[in-house]
Amino acid sequence: MPSKKNAPKESQLAGTQTPDKANTNAKLQSLEAFRSDATGQALRTNQGVKIADNQNSLKAGERGPSLLEDFIMREKITHFDHERIPERIVHARGTAAHGYFQAYESHAALTKAGFLQDPEKITPVFVRFSTVQGPRGSGDTVRDVRGFAVKFYTDEGNFDLVGNNMPVFFIQDAIKFPDFVHAVKPEPHNEIPTGGSAHDTFWDFVSLVPESAHMVIWAMSDRAIPKSLRTMQGFGVHTFRLINAEGVASFVKFHWKPKQGVHSLLWDEAQKLAGKDTDYHRRDLWEAIETGNYPEWEFGVQIVPEADEHKFDFDLLDPTKIIPEELVPVTPLGKMVLNRNPDNFFAETEQVAFCPGHIVPGIDFSNDPLLQGRLFSYTDTQISRLGGPNFHEIPINRPVAPNHNGQRDAQHRTTLDKGRAAYEPNSIDGGWPKETPPAAQDGGFESYPERIEAHKVRQRSPSFGDHFSQARLFFQSMSPTEQEHIISAYSFELGKVERAYIREREVNEILANIDLELAARVAHNLGLAAPKQGTVEVTPQSLKQSPALSQMNLLGEGIKGRKVAILVADGVDAVQVDALIKALDAESAQAKLLGPTSAPVKTAAGKPLAVDASMEGMPSVVFDAVWIAGGKASVQALSGDGVALHFVLEAYKHLKPLGADSDAKALLDTLRLKVDEGMVVGSDQKAYKALVAAIAKHRVWSREAAAKAIPA
Ligand code: HDE
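Keep in mind it's a predicted model, so treat the numbers as computed, not measured. (Residues numbered from 1 in each chain as written. Predicted model: local features only at pLDDT ≥ 70, side-chain atom pairs only at ≥ 80, totals over all residues. Heavy atoms only, no water.)

### Description of the environment of Lys-686
For clarity, the cut-off: Counting from the N terminus, the helices are DSSP H or I runs at least four residues long and the strands are E runs at least two residues long.
With respect to the element layout, Lys-686 can be found in helix H19 (residues 685-696). When the C-alpha atoms of Lys-686 and Glu-211 are compared, they prove to be 52 Å apart, with 475 residues separating the residues in sequence.

### Remarks on the environment of Asn-54
Here is the rule: Throughout, a residue-residue contact means that at least one pair of heavy atoms, one from each residue, lies within 4.5 Å.
Within the element layout of this structure, Asn-54 appears in the loop between helix H2 (26-32) and helix H3 (71-81). Along the primary structure Asn-54 and Ala-523 are separated by 469 residues, whereas in three dimensions their C-alpha atoms are 64 Å apart. Sequence-distant contacts of Asn-54, defined by excluding residues within four places in its chain, comprise Leu-43 and Lys-76.

### Some words on the coordination of the iron atom of the ligand
Threshold: The donor definition counts N, O and S atoms within 2.8 Å of each metal and applies 3.2 Å to Na, K and Ca; water is not among these atoms, so some sites may look incomplete.
The sole protein-derived ligand of the iron atom of the ligand is Tyr-378 (OH), positioned 1.8 Å away. When you line up the elements, Tyr-378 lands in helix H10 (residues 369-385).

### Topic: the packing of helix H13 (residues 500-514) against helix H14 (residues 516-526)
Formally: Axis angles are defined between N-to-C directions and span 0 to 180 degrees, where every axis is a line fitted to C-alpha atoms and, for a helix, only to the segment in contact. By the definition adopted for this analysis, an angle is roughly parallel if under 35 degrees, roughly antiparallel if over 145, roughly perpendicular if from 65 to 115, and oblique otherwise. The residue classification treats Ala, Val, Leu, Ile, Met, Phe, Trp, Tyr, Cys and Pro as nonpolar and Asp, Glu, Lys and Arg as charged. All others, Gly included, are polar.
For the pair H13 and H14, interaxial distance at closest approach is 7 Å and the crossing angle is 160°. Relative to H14, the element H13 is oriented roughly antiparallel. Contacts between H13 and H14 involve Arg-503, Val-507, Leu-511, Ala-512 and Ile-514 from the former and Leu-516, Leu-518, Ala-519, Val-522, Ala-523 and Leu-526 from the latter. In terms of residue class, the contact of H13 with H14 is made up of 10 nonpolar, no polar and one charged.

### Brief notes about the site of the ligand
The criterion, for reference: Whether a residue is near a molecule or strand depends on its heavy atoms: it is near if one of them lies within 4 Å of it. What qualifies as a polar contact is a pair of N or O atoms within 3.5 Å, subject to a donor-acceptor requirement within protein and to the restriction that residues adjacent in sequence count only when both atoms come from side chains.
In the vicinity of the ligand lie 23 residues, with Arg-88, Arg-128, Arg-374, Tyr-378 and Gln-382 positioned nearest. Contact distances for the ligand include 2.7 Å between a nitrogen atom and a side-chain N or O atom of Tyr-378. Take Gln-382: an N or O atom from its side chain is 2.8 Å from an oxygen atom of the ligand. Those elements giving two or more residues to the shell around the ligand turn out to be strand S3 (146-154), strand S4 (157-164) and H10. Here the element with the most residues in the shell around the ligand is H10; it accounts for six residues. Taken together, the residues of the shell around the ligand sort by class into 11 nonpolar, nine polar and three charged.

### Topic: the UniProt feature "active site" (unreviewed entry) in the protein
As a reminder of what qualifies: UniProt positions are given in the numbering used here, feature names are shortened, and annotations may be inferred rather than shown by experiment.
The feature "active site" (unreviewed entry), as annotated in UniProt, sits at His-91 and Asn-164 in this numbering. Separation in sequence by 74 residues is not matched in space for these annotated residues, since their most distant C-alpha atoms are only 10.4 Å apart. Inspection of the secondary structure assignment puts His-91 in the loop between H3 and strand S1 (94-103). Discounting chain neighbours no more than four positions away, the residues touching His-91 are Arg-128, Ser-130, Thr-131, Val-132, Gly-147 and Asn-164.

### Thoughts on the domain arrangement of the protein
How we decide: Residue ranges assigned to the domains are those given by an automatic or database domain assignment.
What the domain assignment lists for the protein is domain 1 (46-82), domain 2 (94-204 + 226-236 + 256-298 + 333-397), domain 3 (468-553) and domain 4 (563-708). On a C-alpha basis, the centres of domain 1 and domain 3 stand 62 Å from each other.

### Topic: H10
Condition: Multiplying one less than the number of residues by 1.5 Å gives the expected span of a helix. Throughout, the bend at a residue refers to the angle made by two axes, fitted to the seven residues ending there and to the seven starting there. In this scheme, a residue with accessible area under 20% of its type's maximum is buried, one over 50% is exposed, and one in between is partly exposed, where area comes from a 1.4 Å probe on protein chains only.
Between its first and last C-alpha atoms H10 spans 25 Å; for 17 residues at 1.5 Å apiece the expected length is 24 Å, and the two agree. Along its length, H10 shows its largest kink, about 25°, at Leu-375. Listing the buried residues of H10 in full gives Leu-370, Leu-371, Arg-374, Gln-382 and Arg-385. Its buried side turned inward, H10 meets S4, strand S6 (240-243), helix H9 (345-350) and strand S10 (363-365). Put simply, Asp-368 is the residue that caps the front of H10, since its side-chain oxygen is 2.7 Å from the backbone nitrogen of Leu-370. Phi for Gly-387, located one or two positions after H10, is positive at around 85°.

### A closer look at unusual backbone geometry
Along the chain, Ile-192 connects to Pro-193 via a cis peptide bond; the corresponding omega equals 0°. Mapped onto the secondary structure, Pro-193 falls in the loop between helix H4 (177-184) and helix H5 (200-208). In this model, Trp-432 is joined to Pro-433 through a cis peptide bond whose omega is -10°. You can see Pro-433 is positioned in the loop between H10 and helix H11 (469-477). The backbone of His-412 sits at a positive phi, close to 60°, despite the residue not being glycine. With respect to the helices and strands, the residue His-412 is situated in the loop between H10 and H11.

### Some thoughts on the UniProt feature "domain: Catalase core" (unreviewed entry) in the protein
Using the residue numbers shown here, the UniProt feature "domain: Catalase core" (unreviewed entry) corresponds to residues 44-432. Summarising residues 44-432: 20% helix, 19% strand, and an end-to-end C-alpha distance of 40 Å.

### Digging into the sheet that holds strand S18 (residues 679-681)
Note the threshold: When DSSP finds at least two bridges between two strands, those strands are taken to pair.
Read across the sheet, six strands follow the order S15-S12-S11-S16-S17-S18 without closing on themselves; strand pairing throughout is parallel. Strands at the two margins of the open sheet, each flanked by one partner only, are strand S15 (613-614) and S18.

### Thoughts on the nonpolar core
Applied cut-off: Here, nonpolar core means buried Ala, Val, Leu, Ile, Met, Phe, Trp, Tyr and Cys residues that are tied together by side-chain atoms lying within 4.5 Å of each other.
Trp-203, Ile-217, Tyr-490, Ile-514 and Leu-518 are the most contacted members of the largest nonpolar core, which has 53 residues in total. Breaking this core down by element, the ones donating at least two residues are H4, H5, helix H6 (213-219), H11, helix H12 (480-495), H13 and H14. Residues lining this core come from more than one domain, with at least three contributed by each of domain 2 (94-204 + 226-236 + 256-298 + 333-397) and domain 3 (468-553). For Ile-514, the contacting residues outside a window of four places in its chain are Ala-213, Ile-217, Phe-468, Ala-471, Arg-472 and Tyr-490. Core analysis: the next-biggest nonpolar cluster, separate from the first, contains 39 residues, Phe-101, Phe-152, Phe-240 and Phe-365 among them.

Set out below in structure tokens:
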């Protein structure tokens, strides 16, 4: 029986103008046939035979040997033996969700792609977020690039936008990808480190390959430790083309902008979370969706007319370059909302197969040599990962558009193709399926007829030659706080590099070309001499700063989905707690009551008050803010409880807003914390409003210097 548990409710489409239900549900319906719900069902073998005893194998006598004829045990164990499939060579650890995309208006002037034509059309999507370096079981909060892969199930076929949370990449040409991946992956002799890049082979490679400089500085920035998958920007990275019904093409860069703002963890927080909640990002996305806090991104494009291809300081085909938003702003196209968790991790999240080559009429590639290589790699990798060329038949990968053709057989074929003619042209089956000529709308796919006149060469275009000016632009666009974090990250990572000559090369031949101050600070932390000058002439960019790159300018809207810990103990003033919860509810933030243990506490009025967890069970690192509830006895108990004191101190150190009911200020005094703009004391609506405003600012950056003195 199909499960209704997660079926989208009308309210899940909230905000859509006139939801086209039939279309919205198209993907869900196509999955429905494969969904299995065992509720009320008998236990059976794969052949449908009911099983009478699932506890004992068949034996010759109670104490005798097992019998080979036990087909029930053999089937069960054989299946079990083959449960694991090869994990993705990169992006192995991931988590995913279903949702929908809706255009704000028709973008017919830009593209003939059907899903961007009609503001009433709801296109189902499946999005998988991932880390790059670590294996499937690695931690969520490691310093790494995040994958941001979106499958649009459009009426004209699947469109996969397989992007990252950073807008550039480490290399310019696909032929370097295996080298790069071998360098960043755990080292071959001892398989260390899991999930990170702080090791010799990574820094050896990137210090020898200056084209990586721009991406590496992004990876050393706070972007590489996102607070949540919901607070990440997404980028298509490469330049693509959009083509309208008249055949007019524009170059575009794809962007995803989170309505939740762009926020990151602090490094200390990220490291602690890796141990305290390995699944932190996974859980956060899952819970946000389960509680109806559907994350939303705005989909947009930077548009460059074909005629302007050569008007920039850099080459549009070079994937180590951004187009600064100050030069070409992002035009919003529509929104994506994630509103439904998968039913089965393996069947959906693990088996989903993305490929940048999955495009639809109205979209086309550019000649970016990294993108060109990707077009080959993704289908190829699925053949070994998913066991053959029929992976498009796995329910999560099936398009909602029909897909008839003459491809037949191979491993795991599930389609029962009718007819005798698996070839084209044919006259036996009436000539079907037939080609569709290209047309303004609903035609067959036609590649953009770009004119190419060239020699066959193995060369890199000289226009790809500047490796440092955009890395410099990035560094100089950061706030002082963000710059400090970048300096610390380089220092931390290079500090783990054993070979001194690699550290020196990175400082002298890479960092010195990006920014001498950056190089000097990192050199100081590593005990090296500060370089006096760079090793290459860096052409200054026409733009000195790009404010769009700083997260300080990307705070987002409100505090929807943020988590606030309310610390309580016996004697707590439940009336005040209730008022605070209501105030947070009104902002769609989540309040969690934490006690000394998981047992209910007794309120000042002597009633039991259930808590969500103990303070050890849900540590401060998983919260956005902390509130100490009032009630004399409760405050006294918490003030003498080391776990509670550490909880508050740690939140202070991590620059989180702190609040206390008027009579709970005593606890803050016990800790001798200096009152700052992120600290709220009071028991009225004014205090709650101040707390909400502080959370909306994400962190109390002005506290950073004072917080450094607090032990980690
Ligand atoms: Fe990938 N990449 N990649 N990549 N990539 C894979 O495909 C590859 C690159 C990205 O959630 C693999 O199915 C090559 C850039 C994401 O399932 C593989 C090159 C960008 C995901 C592969 C690149 C990405 C992958 C591994 C250089 C950002 C996860 C398993 C030419 C624009 C998708 C798989 C998911 C996954 C190859 C570079 C993003 C091996 C050869 C640039 C988000 O095919």
